[in-house]
Amino acid sequence: MLAPSVPPPPVRPRHPPKIQVRDLRLSYGGQEAIRGISFDVDRNDVFAIIGPAQSGKSSLLKCLNRTIELVPGAKQSGTITIDGLNVDELPSVYNLRRRVGMVAPLPVGLPLSIFDNVAFAPRAAGFKDKHELAALVEQCLRQAALWDEVKDRLHTLGTKLSGGQQQRLTIARALSHEPEILCLDEFSIAIDPVTTMRIEDVLKELKQRMTIVLVTNLVQQARRLASRTMFLWNGEIVEEGPTDVLFSDEPQSRKTYDYVNGIFG
Amino acid sequence: MATTFGETPFIRKKRRDEAIVRVVLGLMALAMVVPLLLIVGYLVERAWPLLSLDFVFTNPTHGMREGGVWSALLGTLYLVSVSLLIAAPVGVLAAVYLNEYAKKSWLTRIINLAVVNLAGVPSIVHALFGLGAFVLFAGMGRSILAASLTLAIMTLPVIIASTKEALAAVPLSFREACWNVGATRWQTIRGIVLPNSISGILTGVILQVSRAAGETAPIMFTGAVFFKRIEEGNPFAYSLSDQCMALSMHLFTITTQVTDAPKALPYATAVVLLGSVLLVNACAILLRLRLRARKKW
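Residues numbered from 1 in each chain as written. Chains lettered and ligands numbered in written order. Predicted model: local features only at pLDDT ≥ 70, side-chain atom pairs only at ≥ 80, totals over all residues.

So what exactly am I meant to see when it comes to the overall build of chain B here?
Regarding its fold elements, chain B presents 11 helices and two strands. Tracing chain B from N to C terminus, the helices and strands come up as α-α-β-β-α-α-α-α-α-α-α-α-α. Rg of the C-alpha trace for chain B: 25 Å, well past the compact-globule value of 19 Å for 297 residues, more than 25% over. The dimensions of chain B, computed from C-alpha atoms along their principal axes, are 85 × 55 × 35 Å. Sorting the 297 residues of chain B into buried and exposed places 38% on the buried side. Sequence-distant contacts, at least 24 apart, represent 76% of the contacts inside chain B between residues at least 6 apart. (Helix = DSSP H or I, 4+ residues; strand = E, 2+ residues; numbered from the N terminus. Rg over C-alpha atoms; globule rule 2.2 N^0.38 Å. Buried ≥ 20, exposed ≤ 12 C-beta atoms within 10 Å, placed from the backbone. Contact = placed C-beta atoms within 7 Å.)

Sorry if this is basic, but what is going on with the sheet that holds strand E3 (residues 46–50) of chain A here?
Residue and element names in this part refer to chain A. The strand order across the open sheet formed by six strands is E6-E7-E8-E3-E9-E10, and the pairing between neighbours is mixed. Of all the strands in the sheet, the pair left with one neighbour each is strand E6 (100–103) and strand E10 (236–242). Pairs of neighbouring strands in the sheet enclose a mean axial angle of 15°, with direction left out of account. Note that E6 and strand E7 (residues 181–185) share four bridges and pair parallel. Of the residues in E7, the one forming a bridge with valine 100 is isoleucine 181. (Pairing = 2+ DSSP bridges. Axes fitted to C-alpha atoms, helices over the stretch in contact; angles between N-to-C directions.)

Help me out: how do you make sense of the interface of chain A and chain B in this one?
Note on interface size: it is often stated as the accessible area lost on association of the parts. The partner chain B presents 18 residues to the 22 residues of chain A that form the contact. Put simply, the parts of the chain that give the side of chain A that touches chain B at least two residues each are helix H2 (93–99) and helix H3 (114–124) of chain A. Counting residues per element, the side of chain A that touches chain B draws most heavily on H2 of chain A, at four residues.

Sorry, what's going on with the packing of helix H5 (residues 123–137) of chain B against helix H6 (residues 144–168) of chain B here?
In helix packing, the relevant descriptors are the interaxial angle and the interaxial distance, both defined with respect to the helix axes. Residue and element names in this part refer to chain B. Across the interface, H5 lies against H6 with an axial gap of 9 Å and an inter-helix angle of 135°. As the angle between them shows, H5 and H6 are arranged oblique. Considering how the two elements wind past one another, H5 and H6 form a crossing that is right-handed. When H5 is examined against H6, the residues Ser123, His126, Ala127, Phe129, Gly130, Phe134 and Val135 are found in contact with a partner set consisting of Ala146, Leu149, Thr150, Ile153 and Met154. The class makeup of the residues in the contact of H5 with H6 is eight nonpolar, four polar and no charged. (Parallel < 35°, antiparallel > 145°, perpendicular 65-115°, else oblique. Left-handed = near helix turned anticlockwise from the far one by under 90°. Nonpolar A, V, L, I, M, F, W, Y, C, P; charged D, E, K, R; others polar.)

What exactly am I supposed to notice about the sheet that holds strand E4 (residues 74–82) of chain A here?
Hydrogen bonds along the backbone pair up the strands of a sheet, which may run parallel or antiparallel. All names here are of chain A. One open sheet accounts for four strands, arranged E2-E1-E4-E5; its pairing is antiparallel. Strands with a single pairing partner mark the edges of an open sheet, and in this sheet they are strand E2 (31–41) and strand E5 (85–86). Bridging between strand E1 (residues 19–28) and E4 involves eight bridges; their strand directions are antiparallel. Paired with arginine 22 across the bridge in E4 is threonine 79.

Just to check I follow, could you spell out the packing of helix H3 (residues 70–101) of chain B against helix H8 (residues 185–214) of chain B for this structure?
All names here are of chain B. Running from N to C, H3 and H8 point in directions that differ by 145°, and their axes come no closer than 9 Å. Considering the relative orientation of H3 and H8, their crossing is right-handed. In this structure, H3 contributes Thr76, Leu79, Val80, Ser83, Leu84, Ala88, Val92, Val96, Glu100 and Tyr101 to the contact, and H8 contributes Arg185, Ile189, Val193, Ile201, Val205, Gln208, Val209, Ala212 and Ala213. For the contact of H3 with H8, a count of residues per class yields 14 nonpolar, three polar and two charged.

Sorry if this is basic, but what is going on with helix H6 (residues 163–175) of chain A here?
Counting along an α-helix, one turn takes 3.6 residues, and residues three or four places apart therefore face a common direction. All names here are of chain A. Its 13 residues give H6 an end-to-end C-alpha distance of 18 Å, which sits within 8% of 18 Å, the value for a rise of 1.5 Å per residue. Burial within H6 is extensive, with 12 of its 13 residues counted as buried. Among all positions in H6, only Gly164, Gln165, Gln166, Gln167, Arg168, Leu169, Thr170, Ile171, Ala172, Arg173, Ala174 and Leu175 are buried. Contacts from the buried residues of H6 go to E6, H3, helix H4 (130–143), helix H5 (147–150), E7 and helix H7 (193–206). (Expected span 1.5 Å × (residues − 1).)

For this particular structure, what's the right way to read the nonpolar core?
As a rule of thumb, nonpolar side chains are buried together in soluble globular proteins. Cys183 and Leu214 of chain A together with Leu79 of chain B are the most contacted members of the largest nonpolar core, which has 143 residues in total. Non-local contacts of leucine 79 of chain B, meaning those with residues more than four positions away in its chain, are made with Ile144, Ala147, Ser148, Leu151, Ala212, Ile219, Cys244 and Ala246 of chain B. (Core = buried A, V, L, I, M, F, W, Y, C linked by C-beta atoms within 7 Å.)

Got a minute to help me understand the environment of leucine 184 of chain A in this structure?
Looking at where leucine 184 of chain A falls in the secondary structure, it is placed in strand E7. The class for leucine 184 of chain A is buried, based on 27 C-beta atoms found within 10 Å.

See below:
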């Protein structure tokens, strides 16, 4: 129910949005996962996506960097633009994926050394200079709050790190190609609260330089970090707006209120 | 409850079952070793009077009643290595395509179906195909090349299947992580997938050595002869267009055609065949152990 006293949404920033999604639809072999959603993500902002399992959050991220094309049976319609350019019309999908960093829910340490894990993306892009590469690896590991723990064993296997360390390694790898947009898909699922808070601090800092799309199951995490939040349900947007409004006592939708306050049913 | 940590009949039954199962399973595993030991022991015992290095490095003489197996051994080495040189790259690359690139379509389904069915074709049918396709149609004549190609066709589907299995054992999440940072499929395959499946791939390939070495039918019509004299001790005594002898065929010949051969001769030949195959397998196991020590997750 829409309460008549809902405050008008605050005026959006004037500069054009970083990401524009228009009428995005996605189905896997006839089964609809995303049912026509449209939203904007502002530049240098943290945009949170909340919603239960199967609501289309992860699929949405896959559309952003076009890895959805690699999923058998996936069919997508609608447009996604980044800086006003349609991602489907970009000349190189590999450049798109370098511009959109992606952190998966479960940490994936590649079966390579810690150093090679982070250096993988630059090398895949033809980056060869050893000194610059070393500097870049250090910078990314520092940004991901992992450097101090691994600086003495950069040449041991990344897969031997603990879960929380591997997750930060994954973030370091996502930063290694210097993305403009960083997508995190439930990054805190496998790590402890202390590490989560450390990474959240990192994200607040990264926000200065990049746009962050944060899919999260922890609604409080969205509240802490995001200025705008979108609540997805069954492939549809229930509500999208300033985080303050979604988490207020009077969001636009009753469903939102119930979900963020944990009274679902 | 008093019985929580006590010995109940159910707990005694569980412990007894566990002991029985362990013994039964262990015996079954042990049973695998027995035939191998018996085969090897029996062969070596029968072959003992003839076994020597001379036997390995001299040609058969006196209508194959005396001498060694040199020309047959070298022929088998030629056939096996040439067929693997053809089948291994083709098979591995085809499997990489099928597992990493091919989308689900009617074409890939047909290819996969063909691979499975090709693996089930009896070797004598391969022989007839080789005779028709390579010896007659392609005009290679009966030669090491034609016989090796026939063996290659025979081993290809198995190499493809085992390679696909090895590739599929590499978790999808590794590939996704690579794609997410803008790596191409090939960069992903070269950087992550192949290094982590190479031990499985090699195992599959090398297992086909024993098969190629042991088959008689496919080479009988396509390149193997009953008898051929070659220069002893020269490993380059055959050329690709030559016909050759082969250990498997030689064994067949001296057991069925040469009735008055010394009793130990077939056994000694079998020991050489088995020994060379086991030698290759041992190398494969060592290689696999080394590669697996580097396994990374």
